[in-house]
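Breakdown of the fold
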Amino acid sequence: MKQASLAGPSDPMSDLQTILREPRYDLVTSPTPLRRLSGFERALGRPGLFIKRDDLMEIGLGGNKLRSLEFWLGAALRERADIVLVAGGATSNLCRLTAAAASVAGLDCLIVHNAEDSPADRERSFLNRLFGAETRFIGPVGEEERGAATKAAAEELKRKGRAPYIVGDAVLGALGYVLAAFELHEQSQREATPLRHVVLAGSMGPTEAGFIFGNAMLGHPFQVHLVSVEYEKAELEDRIRLVHDGIGQRTGLSVGRLDQAPLHYHMGHLGGGWGVPTPESEAAIIAFARTEGILVEHVYTAKTCAGFLDLVVNGGIPPGEPACIIHTGGTAALFSQREQFRTLS
Ligand SMILES: *Cc1c(COP(=O)(O)O)cnc(C)c1O
């Protein structure tokens, strides 16, 4: 482990070089926009509300996975892979963005969908084939079986003389959000009052863990709020810890203990679980559309937006302390979610 030198505490910018030494394939024009939520500022009568638009990227409709793909494709190209494999559901943002990014990098792409080969699921994964990926539907199996099927497909490709790379290493992918924390910090420093709170979806962990690690490298400028959209608190914490500690091991950087980080878990918007709307998440989709002209969808961003509004309105984020929600993308899924709305047709 790298220790703080005798000259004093470690310097964030030189530690950042350690991350930047990993090979990275350029997919994201940074910084992504940091915008004021002026409609909500007016409607709620409080200044200092911001959104970071990680849904606005040039490739494949953008989203958080593109920051991870910079590192995954960097690794794939270093290994001289000629095809990338990725697994996920029919509407998976990871699958769509892998297909799009692979086409930019000149790599083939094979997607293993744990979904039925039904007309509805084929339609949901249409953009993947538009981006030139091959899609295989292995039925509605769990994460473990899906992973095994993907490894088997990679072995089969090797026997045929291909060089496959399986996308999805959580620790490597998380490095994208270590960089995003530095990026947001730099943007924040340009504001009259720098950001104090950052609100992010709590899900599988890489995005959150990377951001938290980057925030720690910077000396914790941000209070980080995670709105769980997928797991109960204990599981979310475990997932984040695993990736967070993995980043330390991989990079040799030590940032102190996760349980001492300024980190807040918000479980009140999980409702029926992953992808199941709540009245508040539907209200948040409508409020963001009608107050800001910004689209968010049911699975990841609606509950995060609902949590953000909840914190702002109910005092979880005190007035006078600027706050930013990170829009992680996923908007393409909205087009297959119309039937999930209760108050709109
Ligand atoms: C995958 C995803 C998330 C969650 O990111 P994790 O790193 O898996 O926690 C959030 N928002 C969108 C739109 C996503 O696609």
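Attention in this report is confined to the structure presented alongside it. (Residues numbered from 1 in each chain as written. Predicted model: local features only at pLDDT ≥ 70, side-chain atom pairs only at ≥ 80, totals over all residues. Heavy atoms only, no water.)

1. Quick look at the site of the ligand
Around the ligand there are 13 residues in total, and Lys-65, Asn-93, Thr-207, Glu-208 and Thr-328 lie nearest to it. Measuring from an oxygen atom of the ligand, one finds a side-chain N or O atom of Lys-65 at 2.8 Å. Take Asn-93: an N or O atom from its side chain is 2.8 Å from an oxygen atom of the ligand. Contact with the protein chains hides 95% of the accessible area of the ligand, taken as 380 Å² for the molecule alone. Take the shell around the ligand: its biggest share by element is three residues, from helix 9 (residues 206–217). Broken down by class, the residue content of the shell around the ligand amounts to three nonpolar, eight polar and two charged. (Near = heavy atom within 4 Å. Polar contact = N/O pair within 3.5 Å; in protein donor to acceptor, adjacent residues only side chain to side chain. Areas by Shrake-Rupley, 256 points an atom, 1.4 Å probe, with all protein chains shown as cover. Helix = DSSP H or I, 4+ residues; strand = E, 2+ residues; numbered from the N terminus. Nonpolar A, V, L, I, M, F, W, Y, C, P; charged D, E, K, R; others polar.)

2. Some words on the packing of helix 8 (residues 170–189) against helix 9
Contact geometry for helix 8 and helix 9: axes closest at 7 Å, N-to-C directions at 50°. Judged on the interaxial angle alone, helix 9 and helix 8 are oblique. The handedness of the crossing between helix 8 and helix 9 is right-handed. Contacts from Ala-170, Ala-174, Tyr-177, Val-178, Ala-180, Ala-181, Phe-182 and Leu-184 in helix 8 reach Pro-206, Thr-207, Gly-210, Phe-211, Phe-213, Gly-214, Asn-215 and Met-217 in helix 9. (Axes fitted to C-alpha atoms, helices over the stretch in contact; angles between N-to-C directions. Parallel < 35°, antiparallel > 145°, perpendicular 65-115°, else oblique. Left-handed = near helix turned anticlockwise from the far one by under 90°. Contact = heavy atoms within 4.5 Å.)

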